[in-house]
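Residues per chain, in single letters:
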Amino acid sequence: MSPSVYPPGEEFARKAHVQGLEAYRELYSRAERDPEGFWGEVAAREVHWFEPWSRVLDWNPPFARWFADAKTNVSYNCLDRHAASHRKNQAAILWEGEPGDQRALTYQELHRLVVRFAWVLKSRGYRAGDRAIIYMPMVPELPIAMLACARLGIIHSVVFGGFSAEALKARIQDLGAALVITADGGFRRGKQVRLKPAVDEALQDCPGVRETIVYRRTGSEIPMQSGRDFWWHDLDAAASEDCPAEHLDSEHPLYVLYTSGTTGKPKGILHTTGGYLTHITATMKWVFDLRQEDTYWCSADIGWVTGHSYVVYGPLSAGATTLMYEGAPDFPRFDRWWRIIEKYRVNIFYTSPTAIRALIRQGEQWPDAHDLSSLRLLGSVGEPINPAAWEWYYRVIGKQRCPIVDTWWQTETGGILIAPMPGAVPLKPGSATLPLPGAVPGIVDLHGQPVGDNREGFLILRQPWPGMIRNIWGDPERYKEQYWSRVPGAYFTGDAARRDSDGYYWILGRVDDVMNVSGHRLSTMEVESALVRHPAVAEAAVVGKPHEITGQAVCCFVTLKRGDWNHDQLGEELRQWVSREIGAFARPEEIRFSDALPKTRSGKIMRRLLREIVTSNSVTGDVTTLEDLSVVARLAAQQDEE
Ligand code: WTA
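Residues numbered from 1 in each chain as written. Predicted model: local features only at pLDDT ≥ 70, side-chain atom pairs only at ≥ 80, totals over all residues. Heavy atoms only, no water.

Notes on the sheet that holds strand β4 (residues 91-96)
In any sheet, the strands associate via hydrogen bonds between backbone groups, in a parallel or an antiparallel arrangement. Ordered by their spatial adjacency, seven strands build an open sheet running β5-β4-β17-β16-β18-β19-β20, and the pairing between neighbours is mixed. For this open sheet the edge positions go to β5 (102-106) and β20 (404-407), each flanked by a neighbour on one side alone. Within this sheet the neighbouring strands show an average axis-to-axis angle of 20°, counted without direction. Strand direction decides the pairing type here: strand β16 (residues 295-298) and strand β17 (residues 321-325), joined by three bridges, are parallel. Bridging from a neighbouring strand, Trp-297 pairs with Leu-323 of β17. Strand contacts of helix α11 (residues 305-317): β4, β16, β17, β18 (348-351) and β19 (377-381), with the helix running at about 165° to β16, the strand carrying the most contacts. (Pairing = 2+ DSSP bridges. Helix = DSSP H or I, 4+ residues; strand = E, 2+ residues; numbered from the N terminus. Axes fitted to C-alpha atoms, helices over the stretch in contact; angles between N-to-C directions. Contact = heavy atoms within 4.5 Å.)

A few points about the pattern of salt bridges
Within this structure, the stated rule accounts for 54 salt bridges. The partner of Arg-112 in a salt bridge is Glu-109, and the shortest N-O contact between them spans 3.0 Å. Remark: Glu-109 and Arg-112 occur in helix α5 (residues 107-123); sequence separation between them is three residues, near one turn of the helix. According to the relative accessible area criterion, Glu-109 is partly exposed, its value standing at 27%. One salt bridge in this structure joins Glu-572 and Arg-587, with 3.0 Å as the shortest N-O distance. Of this pair, Glu-572 sits in helix α18 (residues 567-581) while Arg-587 sits in the loop between α18 and β30 (590-593); the two residues are 15 residues apart in sequence, bridging distant segments of the chain. (Salt bridge = Lys/Arg side-chain N within 4 Å of Asp/Glu carboxyl O. Buried < 20%, exposed > 50% of the residue type's maximum accessible area, 1.4 Å probe, protein only.)

Some details on the pairing of strand β9 (residues 185-188)
Inspection of the sheet shows β9 paired to strand β10 (residues 191-194) by four bridges, in the antiparallel sense. Looking across to β10, one finds that Arg-188 is bridged to Lys-191. Where β9 folds back on β10, the antiparallel hairpin that results is connected by two residues, among which Arg-189 adopts a positive phi of roughly 50°.

Let's talk about helix α16 (residues 476-484)
The set of residues buried in α16 consists of Arg-478, Tyr-479, Gln-482, Tyr-483 and Trp-484. Buried residues along α16 cover an arc of 170° about the axis, so they all sit on one side. Those residues of α16 that are buried lie in contact with β1 (55-60), β2 (63-68), β15 (267-272), β23 (471-472) and β24 (491-499). (Arc of directions from axis to C-beta.)

Some points on the site of the ligand
Lining the immediate surroundings of the ligand are 17 residues, of which Asp-406, Thr-407, Thr-411, Asp-495 and Arg-521 lie closest. The backbone of Glu-383 places a nitrogen or oxygen atom 3.3 Å from a nitrogen atom of the ligand. When isolated, the ligand has an accessible area of 520 Å², and the protein chains bury 96% of it. Residues belonging to the shell around the ligand are distributed by class as follows: six nonpolar, six polar and five charged. (Near = heavy atom within 4 Å. Polar contact = N/O pair within 3.5 Å; in protein donor to acceptor, adjacent residues only side chain to side chain. Areas by Shrake-Rupley, 256 points an atom, 1.4 Å probe, with all protein chains shown as cover. Nonpolar A, V, L, I, M, F, W, Y, C, P; charged D, E, K, R; others polar.)

A word on the domain arrangement of the chain
Each domain of the chain was delimited in the assignment, giving domain 1 (85-90 + 106-267) and domain 2 (518-641). Placing a centre on the C-alpha atoms of domain 1 and another on those of domain 2 gives a separation of 34 Å. Domain 1 puts 15 residues into the contact, and the matching count from domain 2 is 13 residues. Both sides together, the interface formed by domain 1 and domain 2 hides about 940 Å², and carbon and sulfur atoms give 50% of it. In this assembly, domain 1 and domain 2 are joined by zero salt bridges. If you look at where domain 1 meets domain 2, you find seven residue pairs in polar contact (both at pLDDT 80 or more). Considering each element in turn, the side of domain 1 that touches domain 2 owes the most residues, three residues, to helix α7 (residues 165-175). Taken together, the residues of the side of domain 1 that touches domain 2 sort by class into four nonpolar, eight polar and three charged. (Domains from an automatic or database assignment. Buried area = accessible area lost by both parts, 1.4 Å probe.)

Examining the packing of helix α6 (residues 141-152) against α11
At their nearest, the axes of α6 and α11 sit 12 Å apart, and the two run at 60° to each other. Taken together, the axes of α6 and α11 are oblique relative to one another. For the element pair α6 and α11, the recorded crossing hand is right-handed. Counting all contacts with α6, which are made through Pro-143, Met-146, Leu-147 and Ala-150, the residues of α11 involved are His-308, Val-312, Tyr-313 and Leu-316. (Parallel < 35°, antiparallel > 145°, perpendicular 65-115°, else oblique. Left-handed = near helix turned anticlockwise from the far one by under 90°.)

Digging into the confidence of the model for the chain
Per-residue confidence for the chain gives a mean pLDDT of 94, with 95% of residues at or over 70. Mean pLDDT across the secondary structure elements of the chain bottoms out at helix α20 (residues 626-641), with 53, and peaks at α6, with 99. Low pLDDT, under 50, characterises residues 618-629; the predicted model gives this stretch 16 contacts beyond four residues in sequence or across chains. (pLDDT = per-residue confidence, 0-100.)

A short note on the packing of aromatic side chains
Pairs of aromatic rings are described using the distance from one ring centre to the other and the angle between the two planes. For the structure shown, the criterion picks out 41 aromatic pairs. Judged by centre distance (5.4 Å) and plane angle (80°), the rings of Trp-465 and Tyr-491 are edge-to-face. Within this pair, whereas Trp-465 is found in the loop between β22 (456-461) and β23, its partner Tyr-491 is found in strand β24, the two being separated by 26 residues in sequence. Here the aromatic rings of Trp-484 and Tyr-491 are separated by 5.7 Å at their centres, their planes lie at 70°, and the arrangement is edge-to-face. The side chain of Arg-124 reaches across the aromatic face of Phe-230, ending 4.2 Å from its centre. The side chain of Arg-216 reaches across the aromatic face of Trp-231, ending 4.4 Å from its centre. (Phe/Tyr/Trp six-rings, centres within 6.5 Å; stacked < 30°, edge-to-face > 60°. Lys NZ or Arg CZ within 6 Å of the ring centre and 35° of its normal.)

See the structure below:
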């Protein structure tokens, strides 16, 4: 059966930044013919530079320098240039707390708050190249902290508030951070989630951290260590408003964001300044078709890359109004998100397939009770969206008026690479459609040979792009090995995909030992190492199991040390153990006890077999087709054998 095709609506296309397939193709081939010329033009148009570059791209594979020697500043681009324009009184951030409190920060006001906080950091001796960990709830002070760091060239690493003290500690240590910016806690499902106690626990083993700055959000009682911990509001009270943006090199590190790889140790993905900013600013217009009057809402937590690129830096650099919501989508009722869309007249809404599937389950009465007519564009990210969820999103939320941009990218790519330009590219539910200008994907077999149309293979990228990962923090060897060694000269994404005869890309899922749970990347090894730290566990093998709502769920096979164990009790204990070691989002769905684990002759656990076991006896709903899953298993198997 050929899938349905949805051409851009006439009205939408007429006002779009890029109108019609021909216009897209022209842009794409211009970028293909002359990537440096193309990106040079985009960078000059979208970004403010203090000093020009000597070369657009200096490519010494696999190390890239984009706009080398040019000087710019991300904080300046997101704030100063707008605060000095007609946008100064436009809302930069609209924020709603879970309890219902709200704030609207204009560009001028956000600029003021960032300058004050940057002054605080500077006056305490932090300088370009220093590292700060940010561990905060979804409050405006989180982007304020990021933008203040960026203003001075302090490299930040945001750790998602759902991570445990253990996970936080590993990231602080790996980064060599001198400062932790945090909060007493935040609100989630009506409860206070405490953050500072996790920081205190982590800091017992982090002698490199000199200070913490604590934002008061919930007002809960927390211990403050004199001489080390400082209240944000106390420091702010003494702050000055004179703290200009540093003129930083285009390749100055902007942030490190940790993500799961195929070992137990998370990788610190390094992004830098000028190229990243160029890429995400351009994609705000190409993919979200951003207009001056739009209210834009990306529901991702800022602790993940989607939040970095498309809640904070992309929208602010493009001069948009970006909405942030602190809490859970189902609090106090299942219609919280629809109430927010109605209340703020949201025009562009960007979320994940997992969230959509969870909302489908609650029924159409919740969105139907609200006026969603302000919406004009919908987006999806983080995992393949199954056609049934796509159709629901299109019909029930978008009322068959709003194009859906299914955006494929990764923490490593920095910004979107495969997605429709909504005024130009006809949509096919379940496909991320066509590559954006400057993205040159390929689909290859194990030997790096291109496979034909409609054949599954490994998704690679053949050309460097400005937002690309620059390195793994402190581990260039791993960077080369993980991304650039499988297919010579190309970037290996770790995803399987196929391209149809119209050139559309269909992403099938990961081919490595990385699970995708609710759109969050989680390595099987990370969960395994957590499990074997438990005194009862001898061995553990973890695989992703298809799940109707979350895409995949964590399924653990465990062998126990000798002893008299109560399996029910121990199963629950191990689930809690993993939440404590990594974070609640990693909590296993299933623990299966077994006497032995299947292994190869050389002693490697055959995860592929386990994957097949959990897949074949439990495919529910239409998450993805069985065929796709077996493809992924086959490709992964090929790789195992290599
Ligand atoms: C998956 C999130 C299908 C993919 C931005 C990728 C997707 C991983 C899509 C990166 C999509 C992301 N369709 N799969 N539209 N978007 N993925 O680093 O497997 O958290 O490799 O970045 O999510 O996840 P990450």
